[in-house]
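# Coordinate analysis (summary)
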Amino acid sequence: MALSGVRVLELAGLAPAPLCGMILADFGAQVVRVDRTPRSAVSTDVQGRGKRSLALDLKRPSGAAALRRLCRGTDVLIEPFRHGVMEKLGLGPEVLLQENPRLIYARLTGFGQTGKYARSAGHDINYLALSGVLSKLGRKDENPYAPLNLLADFAGGGVTCAMGIVTALYERTKSGKGQIIDASMVEGIAYLSSFLWKSQNLGLWNRPRGENLLDSGAPFYETYKTSDGKFMAVGAIEPQFYEELIKGLGLDSGKLPSQLSFSDWPEMKKKFASIFAQKTQAEWCSIFDGTDACVTPVLSFDDVASHQHNKERSSFIENDQEEISPRPAPLLSRTPAVPSFKRDPFIGEHTEEILLEYGFTKQEITKLYSDKVIEFSNPKANL
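Rules of the game
Residues numbered from 1 in each chain as written. Predicted model: local features only at pLDDT ≥ 70, side-chain atom pairs only at ≥ 80, totals over all residues. Heavy atoms only, no water. UniProt positions renumbered as here; feature names shortened; annotations may be inferred. Salt bridge = Lys/Arg side-chain N within 4 Å of Asp/Glu carboxyl O. Helix = DSSP H or I, 4+ residues; strand = E, 2+ residues; numbered from the N terminus. Buried < 20%, exposed > 50% of the residue type's maximum accessible area, 1.4 Å probe, protein only. Lys, Arg positive; Asp, Glu negative; His and termini not counted. Polar contact = N/O pair within 3.5 Å; in protein donor to acceptor, adjacent residues only side chain to side chain. Contact = heavy atoms within 4.5 Å. Pairing = 2+ DSSP bridges. Axes fitted to C-alpha atoms, helices over the stretch in contact; angles between N-to-C directions. Phe/Tyr/Trp six-rings, centres within 6.5 Å; stacked < 30°, edge-to-face > 60°. Lys NZ or Arg CZ within 6 Å of the ring centre and 35° of its normal. Parallel < 35°, antiparallel > 145°, perpendicular 65-115°, else oblique. Left-handed = near helix turned anticlockwise from the far one by under 90°. Nonpolar A, V, L, I, M, F, W, Y, C, P; charged D, E, K, R; others polar. Expected span 1.5 Å × (residues − 1). Arc of directions from axis to C-beta.

The name an unreviewed UniProt entry gives the chain is Alpha-methylacyl-CoA racemase, with Grus japonensis as the organism. Heading Pathway (unreviewed entry) of the UniProt record for the chain holds this comment: "Lipid metabolism; bile acid biosynthesis." For the record of the chain, the UniProt heading Sequence similarities (unreviewed entry) holds the text "Belongs to the CoA-transferase III family."

## Some thoughts on the pattern of salt bridges
Any two side chains of opposite charge can pair, so long as their charged atoms come close to each other. Within this structure, the stated rule accounts for 20 salt bridges. Notably, a salt bridge pairs Asp-45 with Arg-33, separated by 3.0 Å at the nearest N-O pair. Here the residue Asp-45 occupies a position in the loop between β2 (30-35) and β3 (51-56), and Arg-33 occupies one in strand β2, the gap between them amounting to 12 residues. For the pair formed by Asp-45 and Arg-33, the shared burial category is buried. Between Arg-72 and Glu-99 there is a salt bridge, with the nearest N and O atoms lying 3.4 Å from each other. Of the two residues, Arg-72 is situated in helix α2 (residues 61-72) and Glu-99 in helix α4 (residues 93-99); the sequence distance between them amounts to 27 residues. The exposure class of Glu-99 is partly exposed, given its relative accessible area of 27%. One connected set of salt bridges, linked through shared partners, spans Glu-10, Arg-33, Asp-35, Asp-45 and Lys-51.

## Things to note about the side chain of Asp-124
In this structure, Asp-124 sits in helix α5 (residues 124-131). There is no salt bridge for the buried Asp-124, and the closest opposite charge comes from Arg-209, which lies 15 Å off by N-O distance. Within polar-contact distance, the side chain of Asp-124 engages the backbone nitrogen of Ala-152 at 2.9 Å. Ignoring any residue separated from it by four or fewer positions in sequence, one finds Asp-124 in contact with Leu-148, Asn-149, Leu-150, Leu-151, Ala-152 and Asp-153.

## A look at the sheet that holds strand β8 (residues 231-235)
Strands in a sheet are paired, the pairing made by backbone hydrogen bonds, and the direction either parallel or antiparallel. Read from one edge to the other, the open sheet built from three strands follows the order β7-β8-β9, with strand pairing classed as antiparallel. Across the chains shown, the open sheet's two edge strands, defined by having one partner strand only, are β7 (221-225) and β9 (295-297). Between one strand axis and the next, the sheet turns through 25° on average, direction left out of account. When β8 meets β9, the two strands line up antiparallel, connected through three bridges. For Ala-233, the partnering residue across the bridge sits in β9 and is Thr-296. This element, helix α10 (residues 265-276), spans β7, β8 and β9 of the sheet and lies at about 40° to β7.

## Regarding the pairing of β3
Burial of β3 is extensive: six of the six residues sit out of reach of the surface. Residues of β3 alternate between two faces, with Lys-51, Ser-53 and Ala-55 on one and Arg-52, Leu-54 and Leu-56 on the opposite face, all of them buried. Here β2 runs beside β3; their pairing, made up of five bridges, is parallel. Residue pairing for β3: Val-34 is matched across the bridge by Leu-54.

## Observations regarding the packing of aromatic side chains
Across all of its chains, the model carries 11 aromatic pairs by this definition. Centroid distance Tyr-224 to Phe-276: 5.1 Å. Interplanar angle 5°. Geometry classified as stacked. Residue Tyr-224 is located in strand β7, and its partner Phe-276 is located in helix α10; the two are separated by 52 residues in the primary sequence. Residues Tyr-224 and Phe-276 agree in their burial class; the two are buried. Here the aromatic rings of Phe-276 and Trp-284 are separated by 4.9 Å at their centres, their planes lie at 50°, and the arrangement is tilted. On the basis of relative accessibility, which here comes to 0%, the residue Phe-276 falls in the buried class. Taken together, the ring pairs connect Tyr-224, Phe-272, Phe-276, Trp-284 and Phe-288 into an aromatic cluster. One Lys or Arg, Arg-69, reaches over the ring of Phe-360 and ends 3.9 Å from the middle of that ring.

## Some thoughts on the packing of helix α9 (residues 239-248) against helix α11 (residues 281-288)
Contact pair α9 / α11: the axes reach a minimum separation of 10 Å and the direction vectors enclose 130°. Here α9 lies oblique to α11, going by the angle between them. With respect to the hand of their crossing, α9 and α11 are arranged in right-handed fashion. Residues Glu-244, Leu-245 and Gly-248 of α9 pack against Trp-284, Ile-287 and Phe-288 of α11. Among the residues forming the contact of α9 with α11, the class breakdown is four nonpolar, one polar and one charged.

## Some remarks on α2
The terminal C-alpha atoms of α2 lie 17 Å apart, and with 12 residues this matches the ideal 16 Å at 1.5 Å per residue to within 8%. Burial in α2 covers these residues: Gly-63, Ala-64, Ala-66, Leu-67, Leu-70 and Cys-71. Mapping the buried residues of α2 onto a view down its axis gives an arc of 155°, with all of them on the same face. Next to the buried residues of α2 lie β1 (7-11), β2, β3, β4 (76-79), α4 and α14 (351-357).

## Re the sheet that holds β1
Sheet architecture is open: seven strands sit in the order β6-β5-β4-β1-β2-β3-β12, paired in mixed fashion. Strand pairing shows two members of the sheet lacking a second neighbour, β6 (180-184) and β12 (374-375), which therefore form its edges. Sheet topology places β3 next to β12; two bridges connect them, and they run antiparallel. Bridge pairing links Ala-55 to Glu-375 in β12. Along the sheet face, helix α7 (residues 185-192) touches β5 (104-109) and β6 and points at about 70° away from the line of β6.

Right under this line is the structure:
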């Protein structure tokens, strides 16, 4: 795989860092999740695919020393803590990069390493708010709303950080040097919204939130309920696609207002809604499939893997626990990702084998265990 041979240490955290680590693991990196002790703590990482787990108490000096030693033989460190936490542990980038100048030290946080909020707590909705993007999301006369925690946590956080890591790995092939990555979710999601910023002069966002072309204002860029309680998604922006939509709905465009007549949009929405409500989702699919009307079913998680298009592309995979999840993307032609089909690791499941791989002796491992600096998922099987 593309990242085969790359060694990654991911310090256990919440959603964004685990996605970043899973992306790297999916594309071939050897990812070790460094879990906290005591091991009785439940892992919050549901994105542990392809990773191994090492349970290590970083608050103990010997635990921090063990991580420093691990980092000497590592390509990438992913740390998800607020600014200053790693420095207090004696594990800041100035320490680790001095010992391993090739290390890529990825710091994935909500607000970044500097600025007023660098030491503040926050979640996806807060980062989304500070990026300016949240102000654009919502229907007419409603409060702005966050679309789950997808945008800041995962798009602006995990994916953006993974891109930064791969970029730094490529640069290292030329310079031989690692570097620090300051991945701020606020800036990640702001960067992702570049189109919104750069299209302001096109007139796409002149009207209040929820009344524009792409924010649920237009009748031809909207979701509609079907007679069986499901939904269809409509994205017929271009005139030729809009004409296909009108035809599929059984309407005559000659008797309708102009597509871009803003004042008629609310009434056209009602008209479209009443028509979509007359047939089932399957019936609408039979009408619009194979056309360029840009009308598709809104698939539930229960239905998405069995949809013909997704089945033909094997877009979803099933692990040995019969859990279904999306296949890694994008698809590379020569070196595609080959995700693990094994269950996610238990906390501390691979502690001993990882330490041995990184050059720790059996005696050193026994001492760390007796000092309760490390833990195993099944100590008797190991010592």
